[in-house]
Amino acid sequence: MAHRTEHTFATPTEVEPGILRLTLPLPTGTRHVHCYFLRGDDGWLLVDTGLGLMETPWDEILAQLDGPVARIFITHMHPDHVGGAEAAAEATGAPVFQGRLDYTQCERVWGTDDWPERIAEWFLRHGVPPHVADELIESGHVFADFVKFAWNPTLVDPGDELDGWRIHATPGHADGHLVLHRGDVLIAGDTILTPITPAIGLYPQSRPDPLGDYMESLQLVSELAPRISYGGHGEPVTEPEARCAAIVEHHALRLDKTEAALTTAPRSGYDLSHEVFGGELAPIQRRFAVAETLSHLERLVALGRAGRIEDDRTVAYTAQLAGGRPPF
Ligand SMILES: [Zn+2]
């Protein structure tokens, strides 16, 4: 049954001793994002920062806490998590900690002016028609305005600790995605969510098989076996291992659906996205649909269940014939 959560925005709410959840509004998608305050030795550790677009009332929010924010940690460089980092750092005076790989990608995507053009060019290679690519450029520039990340954060790596929380890498939703684990609690960012499943997309200049990475990340979460996982959207996950298994199953079915759409004649990721995600989508949703179709196609190629045909201008995919031979 569809389940809609009512959220109280901008009021830190205790979800268990030492952990407060702060929910901020988003203009699109899930309409909300969760940030967390984790009690540390010398103040709160703030995890994620919302968008930089809406004026987040940080002073009002901070006044509700019983102590200062000593540190800010970013799980990944997507707009709804890193976009408010500069404002949060300014309001709190706290240093920002971000993953080494994640910050490299953050700067490349949000710290340059030409990312929308580069991503549009890449989409053209994957069969996106020019007029759709133009719309992507436009929406990309608009989106970039929401992202006010913090320049030159303190870089962290998997294995490091912050206030007793161990940092783990969980690539998939973003290449450099990090989570925090302490005791039996996971602060998951967008690694596992419920009721939605995190988008796993392929993007230019990123790791080649994000869905393969993500399957390993789900394995890691299962091995950490937390009692509860607090994510960036939706409900806390109270049975993380079962949720990981359900997400694996979701992608297994989508892989089957993607494979079934392949033919001996090469088809582009854009073309195939219509079969996997349907034909009627707004440009921003088509962008996610193409990226997500491509991550499944690349996983199929890695598994020997699809072929990739590439030249200077285009990339396309074919069914894998029995015996694994190319279709010509
Ligand atoms: Zn998110």
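The present account deals with the structure reproduced in this document. Per chain, the residues get numbers from 1 upward, laid out in the order the sequence is written. pLDDT decides what is reported in this predicted model: residues at 70 or higher carry local features, side-chain atom pairs at 80 or more are listed and counted, and totals for whole chains, interfaces and linings draw on all residues regardless. Side-chain metrics rest on all non-hydrogen atoms present in the structure, leaving aside hydrogens and water.

## Some details on the coordination of the zinc ion
At this site the zinc ion is bound by Asp80 (OD), His81 (NE2), Asp190 (OD) and His233 (NE2), with donor distances of 2.0 to 2.4 Å. Coordinating donors are taken to be N, O and S atoms lying within 2.8 Å of the metal, or within 3.2 Å when the metal is Na, K or Ca; because water is excluded from the atom set, some sites may appear incomplete. Within one chain, the residues serving as donors to the zinc ion are arranged as D-H-x108-D-x42-H. No difference in accessibility class separates Asp80 from His81, as the two residues are buried. Note on classification: 1.4 Å probe, protein chains only; a residue is buried when its accessible area is under 20% of the maximum for its type, exposed when over 50%, partly exposed between these limits.

## As for the pattern of salt bridges
Salt bridge, as used here, is a side-chain nitrogen of Lys or Arg placed within 4 Å of a carboxyl oxygen of Asp or Glu. For the structure on display, the rule yields 17 salt bridges. Of the charged contacts in the structure, one is a salt bridge between Arg71 and Asp42, with a shortest N-O distance of 3.0 Å. Of this pair, Arg71 sits in strand β5 (residues 69-74) while Asp42 sits in the loop between β3 (32-39) and β4 (44-47), and the two are 29 residues apart along the sequence. Taking relative accessible area as the criterion, Arg71 reaches 18% and is therefore assigned buried. Residues joined in a network through salt bridges with shared partners are Glu16, Asp184 and Arg227. To qualify as a helix, a DSSP run of H or I must reach at least 4 residues; to qualify as a strand, a run of E must reach at least 2; elements of each kind are numbered from the N terminus.

## Some thoughts on the nonpolar core
Residues grouped as a nonpolar core are buried Ala, Val, Leu, Ile, Met, Phe, Trp, Tyr and Cys residues, joined through side-chain atoms within 4.5 Å. One finds Phe37, Val69, Ile72 and Ile192 to be the most contacted residues of the largest nonpolar core, which totals 68 residues. Considering each element in turn, this core owes the most residues, 5 residues, to helix α5 (residues 115-125). Throughout, a residue-residue contact means that at least one pair of heavy atoms, one from each residue, lies within 4.5 Å. In this structure Ile72 touches Leu45, Leu46, Thr49, Ala88, Ala89, Thr92, Ala94, Pro95, Val96 and Phe97, once residues within four positions along its chain are discounted. In this structure, Val47, Phe97, Trp165 and Leu180 belong to the second largest nonpolar core, which totals 17 residues.

## Looking at the sheet that holds strand β12 (residues 228-231)
Here a strand pair is declared whenever DSSP counts at least two bridges between the two strands. What the 5 strands build is an open sheet, ordered β8-β9-β10-β11-β12; its pairing is mixed. Each end of this open sheet is capped by a strand with a single partner; those strands are β8 (161-162) and β12. Each axis is a line fitted through C-alpha atoms, and for a helix only the stretch in contact is used; angles between axes span 0 to 180 degrees, taken between their N-to-C directions. Along the sheet, helix α7 (residues 210-224) contacts β9 (165-169), β10 (178-182) and β11 (185-189); its crossing angle with β9, the most-contacted strand, is approximately 150°.

## Some details on helix α4 (residues 100-110)
Three or more residues of α4 are buried, namely Asp102, Tyr103, Gln105, Cys106, Val109 and Trp110. Each buried residue of α4 lies within a common arc of 165° when the element is viewed along its axis, so the set occupies one face. Tucked into the core, α4 has its buried residues touching β5, α2 (79-82), β6 (96-99), α5, α6 (130-144) and β7 (154-156). Picture the helix axis, draw a direction to every C-beta atom, and the arc is the one those directions span.

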